[in-house]
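Fold and contact review
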Amino acid sequence: MKERPIAFLDSGIGGVSILKVVKHYLPNENYIYLADAKNNPYGTKTKEELFQIIDHHVQDLLTYHPKLIVVACNTATTMVLGKIREKYKNIPFIGTEPALKVIHDHYPDSKTIVLATKGTEYSERFQELCNLYQTKNTQVVEVDELASMIEQNSPQIEEYLKEKLAPFKGTEVVVLGCTHFAFIEKEIKYIGSQLSPHWIYKNFHILGDAIVSFIGEMDVKITEMVDIEDVITDSPIYSKK
Ligand code: DGL
């Protein structure tokens, strides 16, 4: 391998949403992506089960000598990344967390919902984030089946979303608390627009920034809100400062 890669890990395709953004900004890096579709969904696993799974994958990924491991999954990050970091003290990890800090900093008074798995919602880390950012107007919508439905390209996604989102009329901000959901952003926007949310926050931008600054490309900053499709089609979406 010509250079040590940046490794990505998720329970399937979800983390590709982040990989695409990062790849766009750092095109000269090498990447490896571990899509653990076999164990999808992570959101219904116990903490111990998920720790075993992630631990096993980290050991696999280490055989590629990555310069960084990105846990591109909110569920794995909030449930077990703390313990993984304790075990692998010399390996740099970047995790993915629901964007509660952004809500605190920019939309503290907006009626907000976080779409997330049960695993994320009940993790200690998520509770810590809620306490830290005092997200008083924020509610979690548990959508455990959604990541698997996205993996399988299920035709029921719209119906499922309609049912889950129906009780949240008047929502202003929707946080995508699972990397898979970036792939159904259009559906969320469409159904959301009937409920009246005027914001959808994409946590892959925050994560992208973290990775870019970790790698040291400080002259590149992901500041714009971009659509995944833009990244796929390689349209010019960033500026070099
Ligand atoms: N991409 C994962 C996340 O961000 C999917 C969750 C799952 O596998 O249940 O939470």
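Everything in this summary refers to the structure shown in the same document. (Residues numbered from 1 in each chain as written. Predicted model: local features only at pLDDT ≥ 70, side-chain atom pairs only at ≥ 80, totals over all residues. Heavy atoms only, no water.)

Of the regular secondary structure elements, the chain holds 11 helices and 8 strands. Of all 241 residues assigned to the chain, the portion counted as buried reaches 55%. A separation of at least 24 residues holds for 75% of the contacts in the chain among residues at least 6 apart in sequence. Counting only carbon and sulfur atoms, one obtains 50% of the accessible surface of the chain, whose full area is about 11,600 Å². (Helix = DSSP H or I, 4+ residues; strand = E, 2+ residues; numbered from the N terminus. Buried < 20%, exposed > 50% of the residue type's maximum accessible area, 1.4 Å probe, protein only. Contact = heavy atoms within 4.5 Å. Areas by Shrake-Rupley, 256 points an atom, 1.4 Å probe, with all protein chains shown as cover.)

Here the focus is the layout of surface pockets. Reported here for the largest pocket is a volume of approximately 570 Å³. What lines the largest pocket is a set of 28 residues, among which Thr77, Thr96, Glu97, Arg125 and Leu129 lie closest to the centre. Counting only elements with at least two residues in the lining of the largest pocket, the list comes to helix H3 (74–87), helix H4 (100–106), helix H6 (124–133) and helix H10 (203–215). Looking at the lining of the largest pocket, the element that brings in the most residues is H3, giving 8 residues. Here the residues of the lining of the largest pocket sort into 12 nonpolar, 7 polar and 9 charged. (1 Å grid on protein atoms, 1.4 Å probe; cavity = no way out; pocket = protein on both sides within 12 Å on 5 of 7 lines; lining within 4 Å. Points joined across faces, edges and corners; volume = space filled by probe spheres on them. Nonpolar A, V, L, I, M, F, W, Y, C, P; charged D, E, K, R; others polar.)

We now examine the site of the ligand. Lining the immediate surroundings of the ligand are 14 residues, of which Ser11, Tyr42, Gly43, Thr75 and Thr179 lie closest. At a separation of 2.9 Å, a nitrogen atom of the ligand approaches a polar side-chain atom of Asp10. Within the contact set of the ligand, a nitrogen atom lies 2.8 Å away from a side-chain nitrogen or oxygen of His180. Within the complex, 100% of the 300 Å² of free accessible area of the ligand lies under protein. Structurally, the ligand is housed in the largest cavity. Here the residues of the shell around the ligand sort into 5 nonpolar, 8 polar and 1 charged. (Near = heavy atom within 4 Å. Polar contact = N/O pair within 3.5 Å; in protein donor to acceptor, adjacent residues only side chain to side chain. Sits in = over half its atoms within 2 Å of the grid points.)

Overall, the coordinates contain 0 disulfides when judged by the stated rule. Sulfur of Cys178: no disulfide; nearest cysteine sulfur belongs to Cys73 and is 6.6 Å away. In this structure Cys178 comes out as buried when scored by relative accessible area, which is 7%. (Disulfide = S-S within 2.5 Å.)

Burial of strand S3 (residues 68–71) is two-sided: the residues Leu68 and Val70 facing one way and the residues Ile69 and Val71 facing the other way are all buried. The sheet contact formed by strand S1 (residues 6–10) and S3 spans 4 bridges and is parallel. In the strand pairing of S3, Ile6 is matched with Leu68. Pairing of S3 with strand S4 (residues 93–95) involves 3 bridges; the strand directions are parallel. Looking at the pairing, Ile69 lines up with Phe93 of S4. Since S3 and S4 lie parallel, the crossover through H3 that links them has a hand, and here it is right-handed. (Pairing = 2+ DSSP bridges. Right-handed = clockwise from strand over helix to strand, strands pointing away.)

Right, let's get into the side chain of Thr112. Looking at the secondary structure, you find Thr112 in strand S5 (residues 112–116). Classification of Thr112 by relative accessible area gives buried; the value is 2%. Here Ser110 takes part through its backbone oxygen, which lies 3.1 Å from a polar atom of the side chain of Thr112.

A few words on the environment of Glu97. With respect to the helices and strands, Glu97 occurs in the loop between S4 and H4. The exposure class of Glu97 is partly exposed, given its relative accessible area of 27%. For the pair formed by Glu97 and Leu176, sequence separation is 79 residues and the distance between their alpha carbons is 9.8 Å. Of the polar contacts made by the side chain of Glu97, one reaches the side chain of Arg125; its length is 2.6 Å.

Under the defined criterion, the tally for this structure stands at 3 aromatic pairs. Relative to Tyr33, the ring of Phe8 has its centre 6.4 Å away and its plane inclined at 20 degrees; by these criteria the two rings are stacked. Of this pair, Phe8 sits in strand S1 while Tyr33 sits in strand S2 (residues 31–35), and the two are 25 residues apart along the sequence. Among the aromatic residues, ring-to-ring pairing joins Phe8, Tyr31 and Tyr33 into one connected group. (Phe/Tyr/Trp six-rings, centres within 6.5 Å; stacked < 30°, edge-to-face > 60°.)

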